[in-house]
Amino acid sequence: MENIAVYPGSFDPVTNGHIDLIQRSATLFDKVVVAILRNSGKMPLFSIDERKEMLEMAIREIGNATVTDFSGLLVDFAEQIGASVIIRGIRAISDYEHELQMALINRRLSSRVETVFMLPAETYSFLSSRLVKEIASYGGAISGLVPEDVERRLYSKFNLK
Ligand code: PNS
């Protein structure tokens, strides 16, 4: 039986920290499905299609990773695609409380899906989509934090460069 993991998130936009985790997960599982949440309460900067394009470009060399989107409960989606694992990245201890809450709720909702926490490379331990957007909106340097294609799209969203 294939070991499928789902890596859910907003990915608004994908950062090098996300990519690092996808690469790491792809070595552990037969398939990694990167899943963008459709109906998030957050006001996204990029549309689902834009986020999908950026992710697809970023992971094109990882043969066993794919990108899709989902709405509704994550555990329902995981079960639908036959995933038994949810991957979440933990950067600093400050992430832990919220992630613990989500993991335990998801466990209550489905005992068939297990959450696995992973650590990105320490270079990315400070990195978040929110910070990257904020820096880019002021024209600050974000190279090395996101793929070049994402960097271009961010500046163009903010009518810079
Ligand atoms: O990148 P994010 O915004 O931290 O990702 C959050 C995400 C998408 C993993 C979370 O909001 C989610 O799973 N939403 C789907 C709805 C759901 O299943 N809620 C119950 C568990 S928290």
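Nothing here was measured: the structure is a model prediction, and the numbers come from that model.

Q: Explanation requested: helix 2 (residues 48–58) in the structure shown.
A: Owing to its 3.6 residues per turn, the α-helix aligns residues three or four sequence positions apart on the same side. Regarding helix 2, the residues found buried are Ile48, Arg51, Met54 and Leu55. Looking straight down helix 2, one finds that the buried residues subtend no more than 130° of arc, so they occupy a single side.

Q: What should I look at first to understand the environment of lysine 42 in this one?
A: Take lysine 42: it is sitting in the loop between strand 2 (31–37) and helix 2. Between the C-alpha atoms of lysine 42 and aspartate 12, which are 30 residues apart in sequence, the distance is 10.0 Å.

Q: It is not clear to me how the site of the ligand should be interpreted in this structure. Could you clarify?
A: Contacts to the ligand come from Pro8, Gly9, Ser10, Leu37, Lys42, Phe70, Gly72, Leu73, Leu74, Arg88, Met102 and Asn106. Lysine 42 places a side-chain nitrogen or oxygen 2.7 Å from an oxygen atom of the ligand. Between the ligand and leucine 74, the relevant distance is 2.8 Å, taken from an oxygen atom to a main-chain nitrogen or oxygen of the residue. Computed on the free molecule, the ligand has an accessible area of 540 Å², of which 74% lies beneath the protein chains in the complex. Elements that contribute at least two residues to the shell around the ligand include exactly strand 1 (4–9) and helix 4 (93–109). Residues belonging to the shell around the ligand are distributed by class as follows: six nonpolar, four polar and two charged.

Q: Looking at this model, I keep getting lost on the sheet that holds strand 3 (residues 65–70). Mind explaining?
A: The strands that make up a sheet are held in pairs by hydrogen bonds between backbone atoms, and each pair lies either parallel or antiparallel. Pairing in this open sheet of five strands is parallel, and the strands run 3-2-1-4-5 from one edge to the other. In this open sheet, the two strands that pair with only one neighbour each are strand 3 and strand 5 (114–118). If you compare each strand with its neighbour and ignore which way they point, the axes differ by 30° on average. Examined bridge by bridge, strand 1 and strand 2 share six bridges and lie parallel to one another. By the bridge assignment for strand 2, tyrosine 7 is matched with valine 34.

Q: Is there a simple way to explain the pairing of strand 4 (residues 85–89) in this structure?
A: Each regular strand shows side chains that alternate between the opposite faces of the sheet. Where burial is concerned, most of strand 4 is hidden: four out of the five residues are buried. Two strands pair when backbone bridges link them, and strand 1 and strand 4 are joined in this way by two bridges, in the parallel orientation. Counterpart to valine 6 in the pairing with strand 4 is isoleucine 86. By the bridge criterion, five bridges tie strand 4 to strand 5 in an arrangement that is parallel. Residue isoleucine 87 lies in a different strand from strand 5, and its bridge partner there is valine 116. Regarding topology, helix 4 serves as the crossover connection from strand 4 to the parallel strand 5, and that connection is right-handed.

Q: What am I meant to see in the packing of aromatic side chains here?
A: Both the distance between ring centres and the angle between the ring planes are used here to describe each pair of aromatic rings. Across all of its chains, the model carries three aromatic pairs by this definition. Ring geometry for phenylalanine 70 and phenylalanine 77: centres 5.2 Å apart, planes at 25°, overall stacked. Each of the two residues, phenylalanine 70 as well as phenylalanine 77, counts as buried. On the numbers, 6.3 Å between centres and 70° between planes, the contact of tyrosine 96 with phenylalanine 117 is edge-to-face. Here the residue tyrosine 96 occupies a position in helix 4, and phenylalanine 117 occupies one in strand 5, the gap between them amounting to 21 residues.

Reading the values: rules and limits
Residues numbered from 1 in each chain as written. Predicted model: local features only at pLDDT ≥ 70, side-chain atom pairs only at ≥ 80, totals over all residues. Heavy atoms only, no water. Buried < 20%, exposed > 50% of the residue type's maximum accessible area, 1.4 Å probe, protein only. Helix = DSSP H or I, 4+ residues; strand = E, 2+ residues; numbered from the N terminus. Arc of directions from axis to C-beta. Near = heavy atom within 4 Å. Polar contact = N/O pair within 3.5 Å; in protein donor to acceptor, adjacent residues only side chain to side chain. Areas by Shrake-Rupley, 256 points an atom, 1.4 Å probe, with all protein chains shown as cover. Nonpolar A, V, L, I, M, F, W, Y, C, P; charged D, E, K, R; others polar. Pairing = 2+ DSSP bridges. Axes fitted to C-alpha atoms, helices over the stretch in contact; angles between N-to-C directions. Right-handed = clockwise from strand over helix to strand, strands pointing away. Phe/Tyr/Trp six-rings, centres within 6.5 Å; stacked < 30°, edge-to-face > 60°.

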